[in-house]
Amino acid sequence: MTVVQGDSEGGSGSQERLGDAMSRVARQIQEEHGDVEATLQAIAASAIRIVPNAEECGTTYVIGRAKVESRAWTSDLPKSVDALQQRLGQGPCLDAVWEQEIVRVDDVAGDERWPEFGHHASGLGIGSMLCFQLFVDGDQLGALNLYSRTPGAFDDDCQEIGLMFAAHAAIALAGAQHEEHLRTGMSNRDVIGQAKGILMERHRLTADQAFAVLTRVSQDLNRKLVDIARELANTGAVPGGERRRD
């Protein structure tokens with residue numbers, strides 16, 4: 001088995017070294033503590049250290065099976081490939097990854113699944129690709145994409161190691177997203193509480209009445225309640241004019 005950082009010995013020793021490397025990387029990624037963008041960047045940087053023959057990496061979100069959004073990358077090359085898939089409406093992230101956890105493209109130029117994509121991607125210098133599904137959330141897909149400038153760079157061992165890494169990465173990303181959502185929720189509650197306090201003090205309202213004012217303004221202006229509350233907390237004025245209880 002080809003092993004991390006050029007170690008080419010086989011057997012249980014190499015498997016143990018790979019396991020140790022995976023554990024170290026998992027700890028490093030999890031140290032980002034709820035910063036989703038930093039976690040994605042750490043995943044991309046770690047992937048090319050862990051997966052043999054991977055020269056570049058990008059993490060991609062695919063929304064509605066059509067929109068391709070680059071989230072983290074090791075160079076401009078993965079960004080260019082994502083932009084190409086977005087423009088052509090075809091490519092590994094837009095098609096097979098929805099149905100498969102792994103998509104391997106041994107020869108980008110000659111792959112008949114996405115002929116137009118393959119032609120243009122090979123022109124960018126891509127020889128082979130290895131894509132892993134990180135998550136599926138509604139109509140949104142997260143993918144980890146590995147690139148080599150050499151055709152046939154990724155064999156079965158590379159694929160196995162990449163799948164192991166993607167599993168660790170998916171867990172770390174899920175944790176970061178959960179922590180971010182918790183922090184956002186707490187922050188939103190704090191802002192709404194501040195806005196309620198302003199209304200309660202200014203107009204001698206109860207907490208329920210102040211919340212009803214914020215809700216009514218949110219509905220009237222078709223804006224999120226937390227955005228209304230944040231503007232009120234920042235400016236001291238209710239968007240659209242002061243609105244007191246009936």
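Bear in mind that the values here come from a model prediction, so they are computed numbers and not experimental data. (Residues numbered from 1 in each chain as written. Predicted model: local features only at pLDDT ≥ 70, side-chain atom pairs only at ≥ 80, totals over all residues. Heavy atoms only, no water.)

Chemist: Please clarify how the confidence of the model for the chain should be interpreted in this entry.
Modeler: Predicted coordinates in areas of low pLDDT are best not read in detail. Confidence along the chain averages 83 in pLDDT terms, with 80% of residues attaining 70 or more. The least confident element of the chain, judged by mean pLDDT, is helix H1 (residues 11-30) at 60; the most confident is helix H4 (residues 115-123) at 96. Scored below 50 in pLDDT, residues 1-16 makes 22 contacts in the model with residues more than four places away or belonging to other chains. (pLDDT = per-residue confidence, 0-100. Helix = DSSP H or I, 4+ residues; strand = E, 2+ residues; numbered from the N terminus. Contact = heavy atoms within 4.5 Å.)

Chemist: What should I look at first to understand the pairing of strand S5 (residues 140-148) in this one?
Modeler: The side chains of a regular strand alternate, residue by residue, between the two faces of the sheet. Of all nine residues making up S5, eight are buried, and the element is well covered by its neighbours. Pairing of strand S1 (residues 56-63) with S5 involves eight bridges; the strand directions are antiparallel. Bridge assignment links Thr60 to a residue of S5, and that residue is Ala143. (Buried < 20%, exposed > 50% of the residue type's maximum accessible area, 1.4 Å probe, protein only. Pairing = 2+ DSSP bridges.)

Chemist: How should H4 be read in this particular structure?
Modeler: Every buried residue of H4 is listed here: Phe117, Gly118 and Ala121. Axial view of H4: buried residues confined to an arc of 100 degrees, hence all on one face. Facing away from the buried side of H4, by more than 90 degrees, are the exposed residues His119 and Gly123. Buried residues along H4 sit against helix H3 (76-88) and strand S4 (128-137). Among the residues trailing H4, Gly125 stands out with phi positive, at a value near 105 degrees. (Arc of directions from axis to C-beta.)

Chemist: Would you explain the sheet that holds S1 in this entry?
Modeler: Pairing between the strands of a sheet comes from backbone hydrogen bonds, and it takes one of two forms, parallel or antiparallel. If you walk across this open sheet you meet the five strands as S2-S1-S5-S4-S3, and the pairing is antiparallel. In this open sheet, the two edge strands, each paired with only one partner strand, are strand S2 (67-73) and strand S3 (102-105). The mean inter-strand angle of the sheet, taken between neighbouring strand axes irrespective of direction, is 25 degrees. The pairing of S4 with S5 spans nine bridges and is classified as antiparallel. (Axes fitted to C-alpha atoms, helices over the stretch in contact; angles between N-to-C directions.)

Chemist: Help me understand helix H6 (residues 207-221) in this model?
Modeler: The periodicity of an α-helix, 3.6 residues per turn, causes residues three or four places apart in sequence to face the same way. Look at H6: 21 Å from first C-alpha to last across 15 residues, which is about the 21 Å you get at 1.5 Å a residue. For H6, the complete set of buried residues consists of Ala210, Val213, Leu214, Val217 and Ser218. All buried residues of H6 lie within an arc of 130 degrees about the axis, which places them on one face of the element. What points out from H6, more than 90 degrees from its buried face, is the exposed set Asp208 and Gln219. Backbone geometry just after H6 places Asn222 at a positive phi near 55 degrees. (Expected span 1.5 Å × (residues − 1).)

Chemist: Can you walk me through unusual backbone geometry in this structure?
Modeler: Across residues other than glycine, the phi torsion is negative in most instances, and most of the peptide bonds are trans. The phi dihedral of Asn53 is positive, around 75 degrees, even though this residue is not glycine. One can find Asn53 in the loop between helix H2 (36-50) and S1. Residue Asn53 is classed as partly exposed on the basis of its relative accessible area, which comes to 42%. Backbone geometry at Asn222 places phi at a positive 55 degrees, although glycine is not the residue there. Checked against the element boundaries, Asn222 lands in the loop between H6 and helix H7 (225-235).

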